[in-house]
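Descriptive structure summary
Here are the chains, one letter per residue:
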Amino acid sequence: MALDPHSAAWHFDRFDDGSQRGITIMELLTNPSNQSLIDTDVRLLKSVHHNPSKFGIAEEKLKPFEKLLLKLEGQLLDGMIFQNCVEQQFDTKNEPASVSKNSTFAEEFAHNLRTIFTNVESKLGEPSEIDQRDKYVGVCALSVLHFQIFRTLDKKLYKSLLDVCKKVPAITLTANIIWFADQFLLDKMTPAAKVAERKNLQSIKIQRETFLQQKAQTLCKDVQSYYLFVSSWMMKMESILSKAQSMEKFAEDLSRRCNIFIQGILYANSLSNIVRTTMNLYMSMQKPMTKTSVKALCRLVELLKAIEHTAHRRTMVIADSVCHIAQHLQHQALHSISIAKKRVISDKKYSERRLDVLSALVLAENALNGPSTKERRLVVALALSVGTQMKTFRDEELLLLQVVLKKLDLISELRERIQVLCNCNFLYWHRTIFPIYLDDVYDNAVDFARVHYMFSALRDCVPPMMHARHLESTQVLLECFDEEIMDVLNEHLLDKLCKEIEKDLRLSVHTHLKLDDRNPFRVGIKDLTDFFSIKPIRFFNRFIDVKAYVTHYLDKTFYNLTTVAIHDWATYSEMRNLATQRYSLSMTEAHLPSQTLEQGLDVLEIMRNIHVFVSRYLYNLNNQIFIERTSNNKHLNTINIRHVANSIRTHGTGIMNTTVNFTYQFLRKKFYIFSQFMYDEHIKSRLIKDIRFFKETKDQNDQKYPFERADKFNRGIRKLGLTPEGQSYLDQFRQLISQIGNAMGYVRMIRSGGLHCCSNAIRFVPDLEDIVNFEELVKEEGLSEETQTAARQLDSVLTDLTRNSAEGTEYFKMLVEVFSPEFRSSKNMHLRNFYIIVPPLTLNFVDHSISCKEKLNKKNKVGAAFTDDGFAMGVAYILKLLDQYQEFDSLHWFQSVREKYVKEKNAVVKQQNVQSTNQDEKLMQTMSLTQKRLDIYLQEFELLYFSLSSARIFFRGDQTAAEESQERKEREDEAAKSSNGDSLNNPSSDSSIK
């Protein structure tokens, strides 16, 4: 594990300016749990010392950090700064005046303590409370200082201080100050008094726990109440500040605005106290918060930031109003002071004390006659502390003056107070509530715009992090915080929203399927459209656009899934349209090539696995279609020209040449096996014997290869052995030739698919013979370079399409020319015997074909098939490579087969005529079945003959090798002549050749 840069223990030195460091030290002083954090870090350091690499920490950095940690512990925790401060010596020998012996100072000190406490106590916990809690901290600290200097304890005041903690137990900082004060005072008390005070401290702890229990029950009610209050206040602010000020009722309008502004401060203060104290008490007492409490506190944080945003939105109007309100309040204060001053002047009795009071009132007037700065208001407060003596003000006048001055303080510091009260940087230490908050936002799916307020609160955590000193760069800490918040947002809101939208679109598009119950009256419905109506959320240096995020997710998902299953393009297109209609999402077109539901197996996939394809698919020569041999499903896949054309349109015409190259590599491997079989001694010797037999007996057999000889060969091969599947060597050889033929059939289909694709692409060109040159036309018009480039590309595409649609590449011719020299070479003389093995192969193929077709009518259709023209293609291709068409034709094999089966059929018919008089039904049925079997065999041989004849056309079976060579030589001569003619007509061409 790596050390977490966000850990609380690593942030003791995070502030470098005075005020913020003071707050941090106060946190350390007033939180006893920090000692346990220090202890935990010390123990962690010992573990890191043993294995620094495990924690990702450099060993040389451990010792400086350990020293810093011990220094912090010694100075802040063990050093007892507060106690050292109050226990210092205030009386010195050289000073003439004694502090501890000054009874007047002691009395004044005690009087001020009681007065301040009385003013603070009356406001604590009240709706009008503003800064009384901060002052209460000062009263507690001053009471400790008073005891230390004068060694007298006002038990009544001390008891009142503890009672306030019981009254408002949520004052965590104050309670901890009391704890320090108590620990300090306990050392000075008698044992009996110590026991009593420890009971008081225990009761405060119990009171805190009771407070948390009560607060957990009342938080929801507080949210409802403050939601109404703050909403009403925001509407009043918008209403008052949007209207122009009436000059007739200017003072009344200023008073109304003043009250509204102050009401906002009071609401912000109350909300801040509830949120801060509740969260800190839960953490301090290590009590778990319920989800309900977390949600309620987050709502209060939103209301707090709503107040700040309202004030910020009307900053210009508020700034203008504040100046007028301050002047109006100063006028009221001056009026009250002038009345009191007249009262003092009217008294004829002269005394120095009365003169001091009068001077203080004059000073207050002078301070109020000017801008309402902090220094002037401080002078007014100090002056009035003297000027209010000797009954210069009546009670109601003094109360009114105090209210006016308090309003003046709040109005003059309106912006600063709202910023401080609405600052939510404390959420940095409570950011574990953020996932629960986002879950609530997603589950409710109502008023999603409030998430702006929560991110505004999280942004308040950034300024304190800018003062971090435990890292080399604060940017690291900021990036970690940014990444953490974004990960939580994606996991608990955005990703869930994306998946829910995608799920809704899928279910809506597939309503024709049997799905779960989606009746909104029974299962409910969640309206997610509110998520897409809010403005982008600002966080750090980015804007989080929920609508754009979901749109990008759907675009990416739909595009990727369409490329995986292109036949589903229509489904995803419909989902895009539905997303636009239902959620107003601006979806992007995938711009993938248009597909059909007949996409079939992709050419690219076949090309990569051509060895699997040719063994699992069967070729039909006439329909030019491939059919799957067997399937685990109840249907068989087929591949035809349209499928290939669609695939070529997807990948481009360049894939055609690549496919032929893959086919060439495949044929090389298969022809090696072919050669090995033909070279086998058992096979070669039998073939040589059959060739010799045919040459010796052809005159006797009317130049025909006997059917019985081929059948004998077929049976003889089976005696050499069978595979575990019951196949002979000739069966395997037949399968090899069928696979070679399937590969050639696939090449033929690729060529036909390419022509089909090019023809569809070029069909919009009106005249293929007369295509204008767009580049020249664009240059004549003087258009831009980009337009000329586009025109050049268009000309190139049209030229390519025209050439491909007019003439397809002769792939068969290429594959013949590349293999034929090797097949016809002297070192492969054993291949010359191939033509004599074709008759036994045809017998083997016919038996296999009839067996496959008979299985079509059986329940178990394993091995059933109705076509396998790959065998005919393979035989025709190999005969062409060996230039043995004439040798094979000399066998007159198919005539021999036809004569054989016709002869047997005639014999059966003759026998039927003879047996018809005997009325032997069983014999007649047997002869009928025999005749039917002979018809089937004869038909299969006829079909094979037609298929072989058709396949020979593809390979120019009418030409011999010598004729092909002569034709190729003539073409080369014509090409050379035309080239010479061009060079004579074009001197530059001639020079370039040289």
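Every value quoted in this text rests on a predicted model; they were computed, and no experiment measured them. Along each chain, residues carry numbers from 1 onward, in the same order as the chain's sequence is written. Note on the predicted model: pLDDT of at least 70 is required for a residue's local features to be given, and 80 or more for side-chain atom pairs to be given and counted; whole-chain, interface and lining totals, by contrast, use all residues. With hydrogens and water excluded, all non-hydrogen atoms of the structure serve as input to the side-chain values.

**Quick notes on the overall build of the protein**
We apply this condition: Strands are runs of DSSP state E lasting at least two residues, helices are runs of H or I lasting at least four, and both sets are numbered from the N terminus onward. Burial classification: accessible surface area is computed with a 1.4 Å probe over protein chains only, and a residue below 20% of its type maximum counts as buried, one above 50% as exposed, and the rest as partly exposed. Residues are treated as being in contact if the distance between any of their heavy atoms lies within 4.5 Å. Here the Shrake-Rupley method, with its probe set to 1.4 Å, supplies the accessible areas, and only the displayed protein chains count as covering residues.
Counting its secondary structure elements, the protein contains 40 helices and five strands. The proportion of buried residues among the 994 residues of the protein is 43%. Of the contacts made within the protein by residues no fewer than 6 positions apart, 76% connect residues no fewer than 24 positions apart. For the protein, the computed accessible surface area is about 55,100 Å², with 53% contributed by carbon and sulfur atoms.

**A few points about the packing of aromatic side chains**
The test is simple: Think of it this way: a Phe, Tyr or Trp ring, Trp meaning its six-membered ring, pairs with another when their centres are within 6.5 Å, and the plane angle makes it stacked under 30 degrees, edge-to-face over 60, tilted otherwise.
In total, this model carries 45 aromatic pairs according to the counting rule given. Aromatic side chains phenylalanine 845 and phenylalanine 871 sit 4.6 Å apart centroid to centroid with 10° between the ring planes, which places their arrangement in the stacked category. One end of the pair, phenylalanine 845, is in helix α34 (residues 834–854); the other, phenylalanine 871, is in helix α35 (residues 870–882), with 26 residues separating them in the sequence. Residue classification places phenylalanine 845 among the buried residues on the basis of a relative accessible area of 6%.

**Notes on the layout of surface pockets**
Quick note on the threshold: Points on a 1 Å grid over protein atoms alone make up a cavity when a 1.4 Å probe fits among them but cannot get out, and a pocket when they form an open set with protein on both sides within 12 Å along at least five of seven lines; lining residues each have an atom within 4 Å of a point. Grid points are joined across faces, edges and corners, and a volume is the space filled by probe spheres set on the points.
By volume, the second largest pocket amounts to about 1,700 Å³. Asn119, Lys135, Gln402, Lys406 and Asp409 are, among the 39 residues lining the second largest pocket, the residues nearest its centre.

**Regarding the environment of tyrosine 937**
Under the convention used in this document: Polar contact is the term for a pair of N or O atoms within 3.5 Å; when the atoms are in protein, one must be able to donate a hydrogen and the other to accept it, and sequence-neighboring residues count only if both atoms are side-chain atoms.
By the secondary structure assignment, tyrosine 937 is in helix α38 (residues 921–954). Each C-alpha atom of the pair tyrosine 937 and tyrosine 901 lies 8.0 Å from the other, and the pair is 36 residues apart in sequence. Among all residues touching tyrosine 937, those that are not within four sequence positions of it are Val846, Asp847, Ile850 and Tyr901. A polar side-chain atom of tyrosine 937 sits 2.9 Å from a polar atom in the side chain of aspartate 847.

**Considering the nonpolar core**
For soluble globular proteins, the rule of thumb is that nonpolar side chains tend to be buried together. Operational definition: Nonpolar cores were defined as sets of buried Ala, Val, Leu, Ile, Met, Phe, Trp, Tyr and Cys residues, with membership established by side-chain atoms within 4.5 Å.
Ranked by size, the top nonpolar core spans 117 residues in total, and within it Leu300, Leu427, Phe455 and Phe531 carry the most contacts. With residues up to four places along the chain from it excluded, the contact list for phenylalanine 531 reads Val441, Tyr442, Ala445, Phe448, Leu493, Leu497 and Val546.

**With respect to empty space enclosed by the protein**
For clarity, the threshold we go by: Lys, Arg, Asp and Glu make up the charged group, whereas Ala, Val, Leu, Ile, Met, Phe, Trp, Tyr, Cys and Pro make up the nonpolar group; the residues left over, Gly among them, are polar.
Tallying each qualifying case throughout the model produces four cavities of 30 Å³ or more. There is about 120 Å³ of room inside the largest cavity. Contributing to the lining of the largest cavity are 13 residues, with Ser143, His146, Leu153, Asp154 and Leu157 lying nearest its centre. Mapped onto the lining of the largest cavity, the elements with two or more residues apiece are α5 (103–123), α6 (132–150) and α7 (155–167). Here the lining of the largest cavity is built from residues that sort into eight nonpolar, three polar and two charged. Approximately 80 Å³ is the volume attributed to the second largest cavity. Tallying contributions element by element places α34 first for the lining of the second largest cavity, with four residues.

**With respect to a negative patch on the surface**
We count it as follows: Patch membership needs two things, relative accessible area over 30% and no salt bridge, and members are linked within 9 Å if like-charged or within 5 Å if nonpolar (Val, Leu, Ile, Met, Phe, Trp, Tyr). Salt bridge, as used here, is a side-chain nitrogen of Lys or Arg placed within 4 Å of a carboxyl oxygen of Asp or Glu. His is not counted, nor are the chain ends; Lys and Arg add positive charge and Asp and Glu add negative charge. To locate a charge, take NZ of a lysine, CZ of an arginine, CG of an aspartate or CD of a glutamate.
Taken together, the side chains of Glu479, Glu483, Asp487 and Glu491 define an acidic patch exposed on the protein surface. Structurally, glutamate 479 can be placed in helix α20 (residues 474–509).

**Some details on the pattern of salt bridges**
The tally for this structure, following the rule as stated, stands at 40 salt bridges. The salt bridge partner of aspartate 154 is arginine 114, with a shortest N-O separation of 3.7 Å. Residue aspartate 154 is located in the loop between α6 and α7, and its partner arginine 114 is located in helix α5; the two are separated by 40 residues in the primary sequence. Glutamate 302 is the partner of arginine 299 in a salt bridge, and the nearest nitrogen-oxygen pair spans 3.8 Å. In this pair, arginine 299 and glutamate 302 both sit in helix α11 (residues 291–313), three residues apart, roughly one turn of the helix.

**As for the packing of α20 against helix α22 (residues 546–564)**
Counted only if it meets this: Working convention: axes come from line fits to C-alpha atoms, limited for helices to the stretch in contact. Angles between N-to-C directions cover 0 to 180 degrees. Angles are sorted into four bins: roughly parallel if under 35 degrees, roughly antiparallel if over 145, roughly perpendicular if 65 to 115, and oblique for all others. It is the rotation of the near helix from the far one that decides the hand of a crossing: anticlockwise by less than a right angle makes it left-handed, clockwise makes it right-handed.
Orientation of α20 relative to α22, taken along the N-to-C sense of each, is 55°, at an axis distance of 10 Å. Between α20 and α22, the angle falls in the class oblique. With respect to the hand of their crossing, α20 and α22 are arranged in right-handed fashion. Of α22, the residues touching α20 (which contributes Asn490, Leu494, Asp495, Leu497, Cys498, Lys499, Ile501, Glu502, Leu505 and Arg506) are Val546, Tyr549, Val550, Tyr553, Leu554, Thr557, Phe558 and Leu561. Taken together, the residues of the contact of α20 with α22 sort by class into 12 nonpolar, two polar and four charged.

**Description of the sheet that holds strand β4 (residues 625–628)**
Which entries qualify depends on this criterion: Any two strands are treated as partners once DSSP identifies two or more bridges connecting them.
Strand order across the open sheet formed by three strands is β3-β4-β5, with antiparallel pairing between neighbours. Pairing within the sheet leaves two strands with one partner each, and these edge strands are β3 (617–620) and β5 (638–639). Judged from the four bridges that link them, β3 and β4 form a sheet pairing that is antiparallel. Bridging from a neighbouring strand, tyrosine 617 pairs with glutamate 628 of β4. In this fold helix α30 (residues 729–762) packs onto β3, β4 and β5, with an angle of close to 130° to the strand it touches most, β4.

**Digging into the pairing of β4**
With burial as the criterion, each face of β4 is covered, one bearing Ile625 and Ile627 and the other bearing Phe626 and Glu628. Connecting β3 to the next strand, β4, in antiparallel fashion are four residues, including glutamine 624 with a positive phi near 50°. Relative to β5, β4 runs antiparallel, the two sharing two bridges. Bridging from a neighbouring strand, phenylalanine 626 pairs with isoleucine 639 of β5.

**Re α5**
So the rule is basically this: To estimate how far a helix should reach, multiply one less than its number of residues by 1.5 Å. Think of it as the arc spanned by the lines of direction from the helix axis to the C-beta atoms.
Under the 1.5 Å per step criterion, the end-to-end length of α5 is 31 Å for 21 residues, consistent within 8% with the ideal 30 Å. Those residues of α5 not exposed but buried are Ala106, Phe109, Ala110, Leu113, Phe117 and Val120. When α5 is viewed along its axis, its buried side chains cluster within an angular range of 105° and face the same direction. Away from its buried face by more than 90 degrees, α5 exposes Thr104 and Glu107. One side-chain oxygen of the residue at the start of α5 lies 3.2 Å from the amide nitrogen of threonine 104, identifying that residue as asparagine 102. Within two residues after α5, glycine 125 carries a phi angle of roughly 80°, on the positive side.

**Comments concerning the packing of helix α13 (residues 352–368) against helix α14 (residues 374–387)**
Each pair of packed helices can be described by the angle between their axes along with the distance between the axes. At their nearest, the axes of α13 and α14 sit 8 Å apart, and the two run at 160° to each other. In terms of their interaxial angle, α13 and α14 are classed as roughly antiparallel. The crossing of α13 and α14 is left-handed. In this structure, α13 contributes Asp356, Val357, Ala360, Leu361, Leu363, Ala364, Asn366, Ala367 and Leu368 to the contact, and α14 contributes Arg376, Val379, Val380, Ala383, Leu384, Val386 and Gly387. Here the residues of the contact of α13 with α14 sort into 12 nonpolar, two polar and two charged.

**Here's the deal with a positive patch on the surface**
A surface patch of like charges, here positive, comprises Lys689, Arg692, Lys712 and Lys719. The topology assignment puts lysine 719 in the loop between α29 (707–718) and α30. Looking at lysine 719, the relative accessible area reads 73%, which means it is exposed.

**Thoughts on a nonpolar patch on the surface**
A surface patch of nonpolar side chains, amounting to about 300 Å² of accessible area, comprises Val772, Phe774, Leu777 and Leu794. Inspection of the secondary structure assignment puts leucine 794 in helix α32 (residues 785–806).

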